[in-house]
Amino acid sequence: MNRPRHFNLLARVLHWSMALAILAMLFVGAGMVVSLRYRDQLLDLHRPLGIAILLLAIVRLVNRLTRPTPALPADLPAIQKLAAHASHWLLYGLMLAMPLIGWAMLSAGGYPITMFGGVHLPAILPHSAEVYGFLRPLHGVLAYLLFLTILAHLGAALYHAWVRRDEVFGQMAEGDSQ
């Protein structure tokens, strides 16, 4: 298969914009937990941002599955290649699961899912205190897992950029000049 040197423009735009959105979401989520004063405003931001991340993650996954990606360096140890692939799929899974679990949690809790402009999303689960009680801590645990996975991803990117000095970081940071 003829593989490109860099990720396509859509993949790069989605990667960097979603990186900012997800980091913002993690901080908003953490703020909601610790702030009573700004909790309502943060919730009003958290829900639509989560749905936006979900929609962008779907577009990103379709793009990833339908477009060829650059190869990892041939001399990269097999364990590092495995870790790279596993961590990328974990990130995709979390980008999809986190908003869906949040939506399901609110649905099970009987809370309205209000977006900007007063638009309400439909419940995706029936009201159930037991399901809500399961999903609420799961949403938090997965947020920590997402944060740790992002830190590992960032660490790997910096390793490729500063230690190995190979093309891996540039595959997502820059495009072909053609």
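Just so it is clear, the structure is predicted and the values come from calculations on it, not from any experiment. (Residues numbered from 1 in each chain as written. Predicted model: local features only at pLDDT ≥ 70, side-chain atom pairs only at ≥ 80, totals over all residues. Heavy atoms only, no water.)

1. Quick notes on helix α3 (residues 78-109)
Line of reasoning, step 1. Taking 1.5 Å of rise per residue, the 32 residues of α3 would be expected to cover 46 Å, and the 45 Å separating its terminal C-alpha atoms lies within 8% of that figure.
Line of reasoning, step 2. G110 occupies a position one or two residues after α3 and carries a positive phi of about 80°. (Helix = DSSP H or I, 4+ residues; strand = E, 2+ residues; numbered from the N terminus. Expected span 1.5 Å × (residues − 1).)

2. Regarding the packing of helix α2 (residues 39-66) against α3
Line of reasoning, step 1. Direction vectors running N to C along α2 and α3 enclose 145°, while the axes themselves pass 9 Å from each other. In this structure, α2 crosses over α3, and the sense of that crossing is left-handed. Contacts between α2 and α3 involve R47, G50, I51, I53, L54, A57, I58, R60, L61, R64 and L65 from the former and W89, Y92, M95, L96, P99, L100, W103 and L106 from the latter.
Line of reasoning, step 2. The residue makeup of the contact of α2 with α3, split by class, is 15 nonpolar, one polar and three charged. (Axes fitted to C-alpha atoms, helices over the stretch in contact; angles between N-to-C directions. Left-handed = near helix turned anticlockwise from the far one by under 90°. Contact = heavy atoms within 4.5 Å. Nonpolar A, V, L, I, M, F, W, Y, C, P; charged D, E, K, R; others polar.)

3. Some details on the packing of helix α1 (residues 9-34) against helix α4 (residues 129-164)
Line of reasoning, step 1. Viewed as axis vectors pointing N to C, α1 and α4 meet at an angle of 135°, and their least axial separation amounts to 11 Å. When the interaxial angle is binned, α1 and α4 end up oblique. Considering only the axes of α1 and α4, their crossing is left-handed. Judged by residue contacts, H15, I22, L23 and L26 of α1 engage A143, L146, F147, I150 and H153 from α4.
Line of reasoning, step 2. Considering only residue class, the contact of α1 with α4 consists of seven nonpolar, two polar and no charged. (Parallel < 35°, antiparallel > 145°, perpendicular 65-115°, else oblique.)

4. Here's the deal with the packing of aromatic side chains
Line of reasoning, step 1. Inspection of the entire model under this criterion finds two aromatic pairs.
Line of reasoning, step 2. On the numbers, 5.3 Å between centres and 35° between planes, the contact of W89 with Y92 is tilted. You can see W89 and its partner Y92 sitting in helix α3, three residues apart, about one turn around the helix.
Line of reasoning, step 3. Look at W89 and you get partly exposed, because its relative accessible area is 38%.
Line of reasoning, step 4. Pairing Y111 with Y132 gives two aromatic rings, centres 5.8 Å apart and planes at 55°, and the pair type is tilted. Here Y111 is found in the loop between α3 and β1 (113-114), whereas its partner Y132 is found in helix α4, with 21 residues between them in sequence. (Phe/Tyr/Trp six-rings, centres within 6.5 Å; stacked < 30°, edge-to-face > 60°. Buried < 20%, exposed > 50% of the residue type's maximum accessible area, 1.4 Å probe, protein only.)

Everything listed here is a matter of geometry and, on its own, says nothing about what the molecule does.
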